[in-house]
Amino acid sequence: MLHLAEYWRSLPQDAEAKGKHAPPPECAMQWLLPVGVGVVGVVALVSGSVAAGIVLVPGGIGLGFWLSQRASAAEDARAAWERSLICRRCPAVFPREDAVVV
């Protein structure tokens, strides 16, 4: 059994398993878009366009929540990948908690 991250780093660049066992992509939380939508919504409310403001403010909040959940899920997937083990005899990948070392 090897740590999946170590095994992946040891593979040559052109190996088929390099793509198969690659780490999940990182997803950083970016606050610019949801904050921008919220600010435009507040400006719309203040300037008299109530309908647009009522749509944009909750839309900015919802977008921020969705992006934070997406970033959290990507972080969890990356942590699970870091904890995983790979069997050297078969191509199976196991979470460290489920692996039994003989």
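See the structure printed just above.
Think of each chain on its own: its residues are numbered from 1, step by step along the sequence as written. In keeping with the model being predicted, local features are shown solely for residues with a pLDDT of at least 70 and side-chain atom pairs are shown and tallied solely at 80 or more, while totals for entire chains, interfaces and linings include all residues. Note that water and hydrogens are dropped before the side-chain values are worked out from all heavy atoms of the structure.

Trainee: In this structure, what is going on with the overall build of the protein chain? I would like to understand it.
Mentor: The number of helices and strands found in the protein chain is 4 helices and 3 strands. Labels follow the DSSP assignment, with helices taken as runs of H or I lasting at least four residues and strands as runs of E lasting at least two, numbered in each case from the N terminus. Listing the helices and strands of the protein chain from first to last along the sequence gives β-α-α-α-α-β-β. As a reference, a globule follows 2.2 Å times the number of residues to the power 0.38, and the radius of gyration itself is taken over C-alpha atoms. Taking 102 residues into account, the globule formula puts the C-alpha radius of gyration at 13 Å, and the protein chain, at 22 Å, lies well above it. Dimensions of the protein chain along its principal axes, counting C-alpha atoms only, are 70 × 30 × 15 Å. The buried label goes to any residue with under 20% of its type's maximum accessible area, the exposed label to any with over 50%, and the partly exposed label to all in between, with areas taken from a 1.4 Å probe on protein chains only. By the burial criterion, 22% of the 102 residues in the protein chain qualify as buried. Pairs at least 24 residues apart make up 54% of the contacts formed inside the protein chain by residues separated by at least 6 positions. Calculation of accessible area relied on Shrake-Rupley with a 1.4 Å probe; when residues are assessed, cover is drawn exclusively from the protein chains displayed. Accessible surface, the protein chain as shown: approximately 7300 Å² in total, 64% of it carbon and sulfur. Placing the 9 positive and 9 negative side-chain charges of the protein chain at their respective mean positions leaves the two points 4 Å apart. Contacts were defined at the residue level, with two residues in contact if any of their heavy atoms lie within 4.5 Å. By the counting rule applied here, Lys and Arg register as positive and Asp and Glu as negative, while His and the ends of each chain are not counted. A charge is said to be at NZ when it belongs to Lys, at CZ for Arg, at CG for Asp and at CD for Glu.

Trainee: Teacher, can you tell me more about the packing of helix α3 (residues 32-47) against helix α4 (residues 50-83) here?
Mentor: Any two packed helices are characterised by how steeply their axes cross, that is the angle between the axes, and by the distance between the axes. Here the axes come from fitting lines to C-alpha atoms, over the contacting stretch only for helices, and the angles between their N-to-C directions go from 0 to 180 degrees. Their axes nearest at 7 Å, the elements α3 and α4 cross at an angle of 165 degrees. Between α3 and α4, the interaxial angle falls into the category roughly antiparallel. The handedness of the crossing between α3 and α4 is left-handed. Where α3 abuts α4, its residues Leu 33, Pro 34, Val 37, Gly 38, Val 40, Gly 41, Val 42, Ala 44 and Leu 45 lie against Val 50, Ala 52, Gly 53, Ile 54, Leu 56, Val 57, Gly 59, Gly 60, Leu 63, Gly 64 and Leu 67. Ten residue types, Ala, Val, Leu, Ile, Met, Phe, Trp, Tyr, Cys and Pro, are classed as nonpolar, four, Asp, Glu, Lys and Arg, as charged, and the remainder, Gly among them, as polar. Considering only residue class, the contact of α3 with α4 consists of 14 nonpolar, 6 polar and no charged. Note that the term roughly parallel is reserved for angles under 35 degrees, roughly antiparallel for angles over 145, roughly perpendicular for angles of 65 to 115, and oblique for everything else. Note on convention: near helix rotated counterclockwise from far helix by under a right angle means a left-handed crossing. Clockwise means right-handed.

Trainee: Would you mind going over the side chain of His 21 with me for this structure?
Mentor: Tracing the backbone shows His 21 in the loop between α2 (16-20) and α3. In this view, His 21 contacts Leu 4, Tyr 7, Trp 8, Trp 81, Ile 86, Pro 91 and Val 93; residues no more than four positions away in its chain are not counted.

Trainee: For this particular structure, what's the right way to read the packing of aromatic side chains?
Mentor: Two aromatic rings are characterised by how far apart their centres lie and by the angle between their planes. Classification of ring pairs uses Phe, Tyr and Trp, with its six-membered ring standing for Trp, and accepts pairs whose centres are within 6.5 Å; under 30 degrees between planes counts as stacked, over 60 as edge-to-face, and the remaining range as tilted. Per the counting criterion, the structure on display carries 1 aromatic pair. Centroid distance Trp 8 to Trp 81: 6.0 Å. Interplanar angle 80 degrees. Geometry classified as edge-to-face. Of this pair, Trp 8 sits in helix α1 (residues 4-10) while Trp 81 sits in helix α4, and the two are 73 residues apart along the sequence. A positively charged side chain is recorded as over a ring if its NZ (Lys) or CZ (Arg) lies within 6 Å of the ring centre. The angle to the ring normal must also be within 35 degrees. Across the ring face of Trp 8, the terminal group of Lys 18 is positioned such that the distance to the ring centre comes to 4.3 Å.

Trainee: What's the story with the sheet that holds strand β2 (residues 85-86) in this structure? I'm lost.
Mentor: By way of backbone hydrogen bonds, the strands of a sheet pair with one another, either parallel or antiparallel. Two strands pair if DSSP finds at least two bridges between them. The strand order across the open sheet built from 3 strands is β1-β2-β3, with neighbouring strands paired in antiparallel fashion. Edge strands, defined here as strands with exactly one partner in the open sheet, are β1 (2-3) and β3 (93-94). Bridge count between β2 and β3: 2 bridges; the pairing is antiparallel. Counted as the bridge partner of Ile 86 is Val 93 from β3.

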